[in-house]
Structure formats: C-alpha cells, structure tokens
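One letter stands for each residue in the lines below.
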Amino acid sequence: MSDVIRLDVMKTYKLFVGGKFPRSESGRVYEVSDSKGQWLANAPLGTRKDTRDAVLAARAAVKGWAGTTAYNRGQVLYRIAEMLQGRREQFAAEVAAAEGIGAKKAAALVDQAIDRWVWYAGWTDKVAQIAGGANPVAGPYFNLSVPEPTGVVGVVAPQAGYGHSFLGLVSVIAPVIATGNTVVVAAATDAPLPALSLGEVLATSDLPGGVVNLLSGRTADIAPTLASHQDVNALDLTGAIAHEGPGAAIALEASAADTLKRVLRPAVDPAAQDWTVAPGTERLLSFLETKTVWHPMGQ
Amino acid sequence: MAKNKKTETGEAPVRSGGLFEYAPAPESPAAAGDIATSYGHFIGGEFVDSSGSEALKTVNPATEQVLAEFAQGTDEDVERAVKAARRAFGDWSALPGSERAKYLYRIARIIQERSRELAVLESIDNGKPIRETRDFDLPTVAAHFFYYAGWADKLDYAGFGRNPQPLGVAAQVIPWNFPLMMLAWKIAPALATGNTVVLKPAETTPLTALRFAEICQQAGLPKGVVNIVTGDGRTGAALTSHPDVNKVAFTGSTNVGRSIARQLAGSRKKLSLELGGKAANIVFDDAPIDQAVEGIVNGIFFNQGHVCCAGSRLLVQESIQDEVLDALKRRMATLRVGDPLDKNTDIGAINSAAQLARITELTAAGEAEGAERWSPSCQLPSTGYWFAPTLFTGVSQAHRVAREEIFGPVLSVLTFRTPNEAVEKANNTPYGLSAGVWTEKGSRILWMANQLKAGVVWANTFNKFDPTSPFGGYKESGYGREGGRHGLEAYLDV
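Remember, predicted model here, so these are calculated numbers, not experimental data.

Visitor: Outline the overall build of chain B, supporting the account with residue identities and numerical values.
Guide: Per the secondary structure count, chain B includes 15 helices and 19 strands. Its C-alpha radius of gyration of 23 Å places chain B within 12% of the 23 Å reference for a compact globule of 494 residues. When its C-alpha atoms are laid out on the principal axes, chain B stretches across 70 × 50 × 50 Å. Considering chain B as a whole, with its 494 residues, one finds that 57% of them fall into the buried category. Counting contacts in chain B only where the partners sit at least 6 residues apart, residues at least 24 apart contribute 73% of the total.

In structure tokens form, the structure reads like this:
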C-alpha cells in the first residue's frame, strides 16, 4: 500500500469581505500562475460590485474598530502575528510560487511580515504620543491635538518589488488598520494567493469582520471603483503601476480628487521598491485626521 | 422564573453590621500554584542559594500564617547579581530593538495566561482583595509589558534624538503595595530600552517577583537580563550603592528616597524616585455628589489605602460638607472588610504588623490632637492584620493626620470656601504626587489642574492608571516619571 500516492485536497481561494469568504458575485475566476507560468489556482475575479460590497462592509466596521481602545487594537494586531507564525510554511510556499524565489528567501520574507505585524501592533497606542500633544497657545486655554482615523481606506496592494506579494501586502495593510481605519484591498492581480490566504489568518485573530476586506481581480476594475467611491475616505496607490488607462495612478488620483480623498502616491519606481526595508511612520501617519480641542481655563 | 424567598415572604434581607448578608465567594488559594517552603535568589537565569544563611519569612497578612522563607540577600549575593546583569548587558543592548520587543511581548502574553495564578498569589502574599488583583493589578501588569514591548524598536521616535542609548545595569527597589505592578513599571521600560536589571522586591511581598522569574525562564529571556534578589532594606542599600550599577530606581518612602539620593550624590548614576504622597481630593459644590463619593471611596480605600497617590485628604467645599459626609458615611458602611480571597471583599488585610502599628499610631495621634474619628460598625477577623475604614473630621492643616502619609484606609476631611483656598490647602504639603478635582465646570478643572503642584491630577475620577500615561511626583514625592513615552527617559542616556 505504501506506493499509493495520496491526493492533496486543493483549496478554493475566495474573497474576504465583512469577515466572510464569498466567491465573486460575478461567479467568475481567473487563472493564477507561478513565475514559470505553471497554473497554481483559480482566483475569484472581483468586480466593481464586489468592491462596492466591500466598501459597505468596511464602512460598517469603522465605528467599532475606531472605537476600540488602542491597547485592544494592539492586542489584535499582535494576535495576527501569532496566528501567522503558526502558518509560516504555508505562506512561505505561496510567496515562493508567487515571486519565483527560493524557499529560504520566501520564509525570510514571511518572518519579516510577521515581525511587521508586531511592529505595527506596538504603534497602536503610541501614534497619538508622537502625532498629538498639548499646544501652548498664548491664552488661558487648554489646547490638545489628537490624531483620529480617517475612516475607510482603499488600498491598491503592491504589484511589484521584492517581497511585494506578502511582506509588501502586510506593509500596506497593517499601518492603516493600526490607527483605527478599515480597508478594502485590491490584491496584486498576478499574485493574489498570499493575500487571499491572509484572510484566513485575519478571520481567526479576533479582528472584527469588515476591518480588512481582500479582493482579487483586475486592478483596472477594483481601483477605479475605490477611487471614485463616495464612501471611501482615502486611497493608497502603492500598487497602481499601469502607465495609462483606468488603473494608472494619475487617473486614480484625479478621480479621488472629486471626493477629496487623502491620497498616498506610489513610489517613483514601484518595481525597485524593496519591501524588506524597515518602514518609517509615513504610512502610519498618512491616514489620520488631527483634531484639536480648545477649552478655557478659569476658576 | 427564579423564585426569591425573601420577597415572597416579604421579609427584609438579612443584614449584619449594616451589610447585606452575602454568601462567601472565596477563590481557592490552591490557584496560586505551588509555593515552595523556601526561596533563594534568581541570578543569571537560575534560582540560586544565598551566600548567607539568614532567611526571612513572608506571611499571609490575612491569616498570619507563614507562606515561605526567602533569602536575606547579602552583599555577596548583590555582587553576584550585578555581575550577571553586567555580563548580560552587552548582548542584550546589542539586540535589535525588534527582538527585545518580542521577548517583552512573550512576557506580557505569559502574564496574561497565568494571570489567575498570579492574582491569587499576589492576594495571599499582600492581603489585597482578589477582585483588585484580578481586575486591576494583573491586567495592568500585562498591559505595561505590552506597551513597553512596542517601544523597544521605536526608540528613535520617542523624542530623545536618534538612537538613544541604554544606561547599563539598573538597580531597582520596589515596595509591597503593588508588588507585581511595581515590578512591571520598573522592568518593562528598563528592558525595552536595552538595560539589564537587578530588582529587589519588598521583604513582605517577594513571592510574585520570584514567580515572575519563572516567567522570564518560560519566555526564554537571556540569562542575567533580569535578576531578582530578595531581602530587607540592607539588601536594598547594598544594591543601590553598588559601584557597578548605572541606574537606580526606587519606589517607597520619602525618607529612604532621600537617603538614596544622598548616597548617590557625586556619582554618575541616574536616579528616579517615586515616593510618598498626601493627595488632596477636592470636591466643589457643583460636583455630582454620588459620583464624587464613589471617587472619594475609591481614592482612599482602594488597596486598603496602601497607595502612594491615595486621596488621603478630602477637601470639601464648606457648603456641601454635611451632604457629602452623610453620603460618604452611608457608602463606607457598605464596605466589606475581610478575607482577601473572597470576591465580595472591598478592603482586605493590612500588609504587615508593622504597617498596622503605624496606622494605629497615626490615627491615635489624630484623636489626641482633637480630630473626630468615625468608622462604620464592622466586624474584623480575629487573626490577621485589619483596620476598619476610618474618617477624621474637624481636621486642621496642622494635624499629623493631615500632614503625614498614613498609608492605610484613613481619610482626613478638611473644608474650603473658594477655589483659591482649595489650591492653597491642597498644595500645603511637602508632597506632590497626585490630586483629585470634582466639579461639573470644565474651565475650573483645567484651572485647578494648572494650579496644583502634583504630578497627576484626576478630574471627576481618581486612581486611574494606564501604561501610556506618565506617573510621578512633584516636590518630595520624588522625581522622574514612570509610564508613557516619558517613562523611557529614566532608562536612556539622554
């Protein structure tokens, strides 16, 4: 019997929206291949409608997530790191296939992704201490500025650069939710599997449904929907790498201007971006509003 | 529907001493885990015997039963611990901050996992109610490690310049009132910033610190990063005066703090002190009385009043004095004093016979000096160290009960007429750790906060603590801050 080969059970990859795992409303999928062109899986082809559904879920989650104490948000982000640590090998395999790199390098990228969750877990209750503070106004007033989350953030996940498929993905999601925003993410079109698997980790990490929503599909469908959506407050264009057309960064930024979304522009050369470089605070501080409170002082 | 016999028969609920009869809801002492009959020190990652033979005993203050013996740390023990910390310092401080962070996160997680065990052990060794150790001490301890874990790899952003450096070996001496929490306040920021530590817990409450040593082992913390040496003040003095420590952090009495500061004069050691207090809790006539009364009770009877920032002086506006005192007495009559392991208990045991004697002496002085003493009728257990919640009225600013830190469940009531008078009286103390203000008027809160010479001002609340919030005193309540971004400074060469 020992020479009977056991057949693997393959996984159907699904979207992650509102804490659930729906297929695309279109019922359509597209083929995802590894770097050598070998078929890996069928990914759901997320549509404009899927995107709008995801925005609804993200909006519904804002109040609860932004209202959670910074300490609790930190605990949840740390929990994500813990859950990810236990599934390191799975993600390493997906990253190796997605980016065409060796197992060792892929594992190192996953380790860094885990550590990046830990880095941002620590920021949740510190960002107000570096981005806010008392202002010494010239009068008998107490004056305090505090950062608040901006709301729903649309993220075009990195589609290029070393480590983009997973470390890059985590690097753009974690800072946005650390401060209390919720996100709708357009995963890298050619390498969506690590992103879709991340949904399984998030679903088991005490993260409320709708805080992170993950869509696979064509950037040209998903990103313009996010850019023009009335109920999206900010846009991270990191993965907008098309030179022209509806998915190009310039078109998305122009579209976002109609609703005065806060926009984080992509790098000048996204393909040259190295996601292993330690992040600063730019992403953390990009999706915040500063609120200043005045109050008189007197007997 | 559940039946309620008492209402069915129309009988009033049974009361004793003004209290509703509650069925006891004791936590099992067994949940504290195994307590050894005797303990040595934790040095270089291992439990070791003392070089000397002197042993001290720690007792359960609620029963007077000996819980364990532990070593009286000798000069030689301190030497050994400082050496271990010094050896560990190089590698520990050279670790990337992100790796140091992960050790601290591990410690935080293990504390959360073992919080019930630690809460029960703390309650047994200290005498404080299980409800407080369970709902306050332990969650705060874990949160403190979580918070500082996050700073370990973000020191460049903390406002102390690029790449701020640790000091080296930190000598830390902590009190008995919040044994684990004080340990967390000392160890978490020290480790996050890359220092190694030798910590001496108080001689009446060494057990949770020794249990914490096991947690360091479980977390795989490199040997020598945390060392625990037990003993009384002699051990503490040997530690703080050791020539090879770079930092001394002490929480305790103002007199000992003074002597440490004197001892360190002329040295290069950085010093932070968190000392005594005699906080004013100021209630204005527009304050919501019921909430204020809860705040007053929490301010002075939390943790048996063994709190350096306790609101031990109630300053109440003259026009509402009677109303506030009536409500306060009614509320005090419902406080349950007794078995710390009973989940219904509000006030547990006084930590030691010595502390009980001090409280007794000071309250006797209060009476002798002419203040009026009141306590609710309250049955105290026959064994153990207990003190009924006590109120002094007719207190003048010259009375000892208004000037000296009692560190027990004793509240002195003074009055004032104007905000200026309240400020004058509140600041009329050598201490300056905390203060409370109760009023509906926001501008007055902020004005009072501005005028009060105290490191923490609570408005319409009292005794609130958070890892993100700096804590520490003005004047003879010490210097340096613990908690928050500010708490990093005490352990950085900045």
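Visitor: Could you give me a rundown of the overall build of chain A, with the residues and numbers involved?
Guide: Helices and strands together make up the secondary structure of chain A, namely 10 helices and 10 strands. Computed over its C-alpha atoms, the radius of gyration of chain A comes to 20 Å, within 12% of the 19 Å expected for a compact globule of 299 residues. Considering only C-alpha atoms, chain A reaches an extent of 90 × 40 × 35 Å along its principal axes. Counting only residues that meet the buried cut, chain A has 51% of its 299 residues in that class.

Visitor: Now, about the interface of chain A and chain B: what can you tell me, with residues and values included?
Guide: Each partner contributes residues to the interface: chain A has 20 residues there, and chain B has 23 residues. Per-element tally for the side of chain A that touches chain B: the top contributor is helix α4 (residues 103-123) of chain A, with six residues. For the side of chain A that touches chain B, the per-class residue count stands at 10 nonpolar, seven polar and three charged.

Visitor: Go over the sheet that holds strand β3 (residues 38-39) of chain B, please, and point to the residues and values.
Guide: Taken in spatial order, the three strands line up as β3-β7-β6 (chain B) in an open sheet, and their pairing is mixed. Of all the strands in the sheet, the pair left with one neighbour each is β3 and β6 (55-60) of chain B.

Visitor: So what's going on with the sheet that holds strand β13 (residues 280-283) of chain B? Which residues, and what values?
Guide: Residue and element names in this part refer to chain B. Strand order in the open sheet formed by seven strands is β15-β16-β17-β14-β13-β18-β19, and the pairing between neighbours is mixed. Here the strands that pair on one side only, and so sit at the sheet edges, are β15 (372-374) and β19 (456-459). On average, each strand axis in the sheet is inclined to that of its neighbour by 20°, with strand direction left out of account.

Visitor: Would you mind going over the pairing of strand β17 (residues 410-416) of chain B in detail, with residue names and values included?
Guide: Residue and element names in this part refer to chain B. Here β17 lies mainly inside the structure; seven of its seven residues are buried. Judged from the five bridges that link them, strand β14 (residues 313-317) and β17 form a sheet pairing that is parallel. From the neighbouring strand, valine 316 faces β17, where its bridge partner is threonine 415. Note that strand β16 (residues 390-393) and β17 share three bridges and pair parallel. Opposite leucine 391, over in β17, you have leucine 411 as the bridge partner.

Visitor: So what about the environment of B:Pro179? Which residues, and what values?
Guide: Residues and elements named next belong to chain B. Along the polypeptide, proline 179 turns up in helix α6 (residues 179-192). Separated by 27 residues in sequence, proline 179 and proline 206 place their C-alpha atoms 7.8 Å apart. Apart from residues no more than four positions distant in its own chain, proline 179 is found in contact with Glu122, Asn126, Pro201, Ala202, Thr205, Thr208 and Ala209.

Visitor: So what about the nonpolar core? Which residues, and what values?
Guide: Of all hydrophobic cores here, the largest spans 185 residues; its most connected members are A:Trp117, A:Ile173, A:Val185, B:Leu104 and B:Phe145. Ignoring any residue separated from it by four or fewer positions in sequence, one finds B:Leu104 in contact with B:Phe145, B:Tyr148, B:Ala149, B:Ala152, B:Ala188, B:Leu191 and B:Ala192.

Visitor: Could you give an account of the domain arrangement of chain B, with specific residues and numbers?
Guide: All names here are of chain B. When cut into domains, chain B gives domain 1 (29-275 + 478-491) and domain 2 (280-468). Between domain 1 and domain 2, the C-alpha centre-to-centre distance is 29 Å. The interface is formed by 23 residues belonging to domain 1 together with 22 residues belonging to domain 2. Those elements that provide at least two residues to the side of domain 1 that touches domain 2 are α4 (115-126) and α5 (130-151). Sort the elements by how many residues they give to the side of domain 1 that touches domain 2 and α5 lands first, with seven residues. Grouping the amino acids of the side of domain 1 that touches domain 2 by side-chain chemistry returns eight nonpolar, 10 polar and five charged.

Visitor: Describe in detail helix α15 (residues 442-451) of chain B, supporting the description with residues and values.
Guide: All of the buried residues in α15(B) are B:Arg444, B:Ile445, B:Leu446, B:Trp447, B:Met448 and B:Gln451. Buried residues belonging to α15(B) abut β4 (141-149) and β10 (288-296) of chain A together with β13, α14 (419-427), β18 (434-438) and β19 of chain B.

Visitor: An account of helix α8 (residues 233-240) of chain B is requested, with residue identities and associated values reported.
Guide: Among the residues of α8(B), those classed as buried are B:Thr235, B:Gly236, B:Ala238, B:Leu239 and B:Thr240. Considering only its buried residues, α8(B) is in contact with α2 (75-94), β8 (169-173), β9 (196-200), β11 (247-251) and α9 (254-264) of chain B.

Visitor: Let's hear about the packing of helix α3 (residues 88-99) of chain A against helix α7 (residues 193-202) of chain A: which residues, and what values?
Guide: Residues and elements named next belong to chain A. Between α3 and α7, the least distance of the axes is 9 Å, while the angle of their chain directions is 160°. One way to sum up the angle between α3 and α7 is to call them roughly antiparallel. By crossing handedness, the relation of α3 to α7 is classed as left-handed. Of the residues in α7, those in contact with Gln90, Phe91, Glu94, Val95 and Ala98 of α3 are Leu193, Pro194 and Ser197.

Visitor: Break down the environment of B:Ala68 for me, citing the residues and quoting the values.
Guide: All names here are of chain B. Tracing the sequence through the fold places alanine 68 in strand β7 (residues 65-71). A sequence separation of 138 residues divides alanine 68 from proline 206, and the C-alpha atoms of the two residues are 9.6 Å apart. Beyond its immediate sequence surroundings of up to four residues, alanine 68 is in contact with Ile35, Ala36, Thr37, Ser38, Tyr39, Thr58 and Leu207.

Visitor: Mind laying out unusual backbone geometry, listing which residues take part and the relevant values?
Guide: Peptide bonds are, in most cases, trans, and in most cases residues other than glycine have a negative phi. Residues and elements named next belong to chain A. We note that leucine 260 has phi near 50°; this positive angle belongs to a residue other than glycine. Among the secondary structure elements, leucine 260 is positioned in the loop between α9 (249-257) and β9 (262-264). A tally of 9 C-beta atoms within 10 Å means that leucine 260 is categorised as exposed.

Visitor: So what about the confidence of the model for chain B? Which residues, and what values?
Guide: For chain B, per-residue confidence averages 95 on the pLDDT scale, and 96% of positions sit at 70 or higher. In the predicted complex, the global pTM is 0.96; the interface-specific ipTM is 0.95.

Visitor: Kindly report on the packing of helix α10 (residues 289-301) of chain B against helix α11 (residues 321-332) of chain B, identifying the contributing residues and their values.
Guide: All names here are of chain B. Across the interface, α10 lies against α11 with an axial gap of 10 Å and an inter-helix angle of 55°. By the angle between their directions, the pair α10 and α11 is classed as oblique. As for how α10 packs across α11, the hand of that crossing is right-handed. Across from Ile289, Asp290, Ala292, Val293, Ile296 and Val297 in α10, the residues of α11 making contact are Glu323, Val324, Ala327, Leu328, Arg331 and Met332. Among the residues forming the contact of α10 with α11, the class breakdown is nine nonpolar, no polar and three charged.

Visitor: Let's hear about the environment of A:Val146: which residues, and what values?
Guide: Relative to the helices and strands, A:Val146 is located in strand β4. With 143 residues separating them in the primary sequence, A:Val146 and A:Glu289 have C-alpha atoms 8.3 Å apart.

Cut-offs applied
- Residues numbered from 1 in each chain as written.
- Chains lettered and ligands numbered in written order.
- Predicted model: local features only at pLDDT ≥ 70, side-chain atom pairs only at ≥ 80, totals over all residues.
- Helix = DSSP H or I, 4+ residues; strand = E, 2+ residues; numbered from the N terminus.
- Rg over C-alpha atoms; globule rule 2.2 N^0.38 Å.
- Buried ≥ 20, exposed ≤ 12 C-beta atoms within 10 Å, placed from the backbone.
- Contact = placed C-beta atoms within 7 Å.
- Nonpolar A, V, L, I, M, F, W, Y, C, P; charged D, E, K, R; others polar.
- Pairing = 2+ DSSP bridges.
- Axes fitted to C-alpha atoms, helices over the stretch in contact; angles between N-to-C directions.
- Core = buried A, V, L, I, M, F, W, Y, C linked by C-beta atoms within 7 Å.
- Domains from an automatic or database assignment.
- Parallel < 35°, antiparallel > 145°, perpendicular 65-115°, else oblique.
- Left-handed = near helix turned anticlockwise from the far one by under 90°.
- pLDDT = per-residue confidence, 0-100.

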